[in-house]
Amino acid sequence: MMPMGETFDRHIVSALSASSPSAWPLPTAQAQLDFLRNIQAVLEDGQFVATYKFALLTALADLAVEMGADDGAPCRLALADIAGKFVAYYWQQAAPFAGVGDAGVLRQSTGAQAAVLNLLAGERSIGLGTVAQLRAIPARWQSVLTRVARIIREQPLHRLQVVAGEARIFLYPHDEHAEAITLLPGVAYQLRRFHPLVTGLARARWMSLIRGIPANHNMVGQAHDLERFLFGNERQPISHHLPLLTDHQRGLCLYCGARLRAGDAHVDHFIPWSLHRFDALPNLVAAHGQCNLAKRDMLAAERHLERWVERNAAAFREPLPGAPDMAATADDAALRIARWAYQRNDDNGAAVWLPGRQTERLSGRYRRML
C-alpha cells in the first residue's frame, strides 16, 4: 500500500502540476474495473462511524461532472467547493425529521452528532430556510464554508481512502494543510462516467448507516419516506424564477416555441434534476406545463439545446445585479454539466426528447454547441 504521508502527497501534487495535459491517457478497461472495485471496497468497509465519507464521495463525483473533462487529466478541487456541496447535501438533513415516532434531527454519527449538522441547524435556527438565503449573506456564507472545510480537512478527507485500516490511495493524495485536493489521473473521468452508480451506492450506504444508528430508531422505524427526506427535497424553490426566465425567453416556451400563457407555465430543469442536481438559473427554463410533463427526466433534443445555449449566452454571461460574477460562473458550470450529460447520453446510445412523445438519437451537433 502507498503511504499517506505529507511528503509523499506534496511530491505527487507537484508532479501532477508540472505534467502536460497530453501525458494523461484515458484509463484502460482494467483500470476502470480496479477503480470500481476500490469504490466498492470503500463503501463496504465496516469502519464507518459517520456519514461524512458518503457525502465526500458524492461531492467528488458531482464536482468531477461540474469541473472535470472527458480526458484522463487530474482535476483540482478546492476545499471550499467541496464544503459548498456538504452544505447543500446536509441542509435539509439538519431539519427535524418527523418520522413514525419522535421528531428530531437525525443522528449522522454513531457517537455525538456530526459537527456539520450542528452548524447548519444553528443557521436554520435564525430563520434561514434555504441554502440560497444563506448564500445571499456573503460574510455568513463564507464563514460557514470555512468552518465546514475545516471539518472536511480534519475528518473525512484523510479517512475516505482507508480500507480495513490500510491506506488505498486511488482518488487523491492528501495534504492536511492544503486548501485543495487534486484527483489523480483518470479519477475525474471515471467519476464522470460512473456518476449515477457511484452517487447511488453512496446514498444507499448513507441511508443504511442512518437507519442503523440506535439514536434514530424511534424516529425512523421502517419509514418509507426517509430516502426522500434525505436526498429528494434539497432542491431550492424555483417557481419564483418564472417571470425572469419568461422575460429572457421573450415570452416563449423554450421547447415548443409557442407563447406562454398565465397559469400554464412551469419552471423546468433543462438538465434533469434526476441526472444532476443543479438549481442555478442557467439550468432553469420556462416551459408549458404540457411540455415539462412530457419531457420528464429525459434530455432535450439538440434543437432545444441550441435554443438553451443561445438564451444563456445572451442572458447569463453578464453578472446579475447584486451578484457579481455569479451568473457567468453558473453558466460555465451549466455548460460543463450539459457537455457531460449529452456525451454520456451519446455514449449510451439513448434517445433524447422532442415535443409530445417523440424521441430521436443525437446527431453529434451537440458537440459544436457545447
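Residues numbered from 1 in each chain as written. Predicted model: local features only at pLDDT ≥ 70, side-chain atom pairs only at ≥ 80, totals over all residues. Heavy atoms only, no water.

1. Re the overall build of the protein chain
Logical step 1: A count of helices and strands for the protein chain gives 17 helices and ten strands.
Logical step 2: The buried share of the protein chain, reckoned over its 370 residues, is 51%.
Logical step 3: A sequence separation of at least 24 residues applies to 74% of the contacts in the protein chain between residues at least 6 apart.
Logical step 4: For the protein chain, the computed accessible surface area is about 17,100 Å², with 53% contributed by carbon and sulfur atoms. (Helix = DSSP H or I, 4+ residues; strand = E, 2+ residues; numbered from the N terminus. Buried < 20%, exposed > 50% of the residue type's maximum accessible area, 1.4 Å probe, protein only. Contact = heavy atoms within 4.5 Å. Areas by Shrake-Rupley, 256 points an atom, 1.4 Å probe, with all protein chains shown as cover.)

2. Topic: the environment of glutamate 302
Logical step 1: Among the structural elements, glutamate 302 can be located in helix α15 (residues 302-315).
Logical step 2: Look at glutamate 302 and you get buried, because its relative accessible area is 3%.
Logical step 3: Taking the C-alpha atoms as reference points, glutamate 302 and tyrosine 342, separated by 40 residues in sequence, lie 9.4 Å from one another.
Logical step 4: If sequence neighbours within four positions are ignored, glutamate 302 has contacts with Glu360, Leu362, Ser363, Gly364, Arg365, Tyr366 and Met369.

3. Focus on the side chain of threonine 51
Logical step 1: Structurally, threonine 51 can be placed in the loop between α2 (29-44) and α3 (52-67).
Logical step 2: A distance of 2.8 Å separates the side chain of threonine 51 from the side chain of tyrosine 90, its partner in a polar contact.
Logical step 3: For threonine 51, the side chain forms a polar contact with the side chain of glutamine 108, separated by 2.7 Å. (Polar contact = N/O pair within 3.5 Å; in protein donor to acceptor, adjacent residues only side chain to side chain.)

4. Focus on α15
Helical periodicity: at 3.6 residues per turn, an α-helix aligns residues three or four positions apart in one direction.
Logical step 1: Across its 14 residues, α15 extends 20 Å between first and last C-alpha, which sits within 8% of the 20 Å expected from 1.5 Å per residue.
Logical step 2: Every buried residue of α15 is listed here: Glu302, His304, Leu305, Trp308, Val309, Arg311, Asn312 and Ala315. (Expected span 1.5 Å × (residues − 1).)

5. Re the pairing of strand β8 (residues 284-288)
A regular strand places its side chains so that they alternate between the two faces of the sheet.
Logical step 1: Most of β8 sits out of view: five of its five residues are buried.
Logical step 2: Burial along β8 is two-sided: Leu284, Ala286 and His288 and Val285 and Ala287, pointing in opposite directions, are all buried.
Logical step 3: Where strand β7 (residues 265-269) meets β8, five bridges bridge the pair, whose relative direction is antiparallel. Along β8, the bridge assignment pairs histidine 266 with alanine 287. (Pairing = 2+ DSSP bridges.)

6. Some details on the pattern of salt bridges
Logical step 1: Summed over all chains, the structure comprises ten salt bridges.
Logical step 2: Two residues, arginine 192 and aspartate 70, come together in a salt bridge whose shortest N-O distance is 3.1 Å. Separated by 122 residues along the polypeptide, arginine 192 in helix α9 (residues 187-193) and aspartate 70 in the loop between α3 and β1 (75-78) bring together distant segments of the chain.
Logical step 3: For arginine 192, a relative accessible area of 3% puts it in the buried group.
Logical step 4: For arginine 140, the salt bridge goes to glutamate 123, with nearest N and O atoms at 2.5 Å. With arginine 140 in helix α7 (residues 138-154) and glutamate 123 in helix α5 (residues 115-125), this residue pair connects regions lying 17 residues apart in the sequence. (Salt bridge = Lys/Arg side-chain N within 4 Å of Asp/Glu carboxyl O.)

7. Some thoughts on the nonpolar core
Logical step 1: Core analysis: the largest hydrophobic core is formed by 71 residues, its most contacted members being Leu60, Ile82, Phe86, Val87 and Leu183.
Logical step 2: Counting residues per element, this core draws most heavily on α3, at ten residues.
Logical step 3: Filtering out sequence-adjacent residues up to four positions away, leucine 60 remains in contact with Leu77, Ile82, Leu160, Leu171, Tyr172, Ile181, Leu183 and Leu191.
Logical step 4: Counting 43 residues, the second-largest nonpolar core is a separate cluster that includes Phe270, Leu299, Ala315 and Val352. (Core = buried A, V, L, I, M, F, W, Y, C linked by side-chain atoms within 4.5 Å.)

8. Some remarks on the packing of aromatic side chains
Logical step 1: According to the stated counting rule, one finds eleven aromatic pairs in the structure shown.
Logical step 2: Each ring, one from phenylalanine 86 and one from tyrosine 90, has its centre 5.8 Å from the other, and the planes form 50°; the classification is tilted. One end of the pair, phenylalanine 86, and the other, tyrosine 90, are both in helix α4 (residues 79-93), four residues apart, so they sit about a helical turn from each other. A single burial state applies to phenylalanine 86 and to tyrosine 90, both of which are buried.
Logical step 3: Between tryptophan 206 and phenylalanine 231 the ring centres are 5.1 Å apart and the planes differ by 70°, which places this aromatic pair in the edge-to-face class. With tryptophan 206 in helix α10 (residues 195-212) and phenylalanine 231 in helix α12 (residues 226-232), this pair connects stretches of sequence that are 25 residues apart. By the burial criterion, tryptophan 206 is buried, and phenylalanine 231 matches it. (Phe/Tyr/Trp six-rings, centres within 6.5 Å; stacked < 30°, edge-to-face > 60°.)

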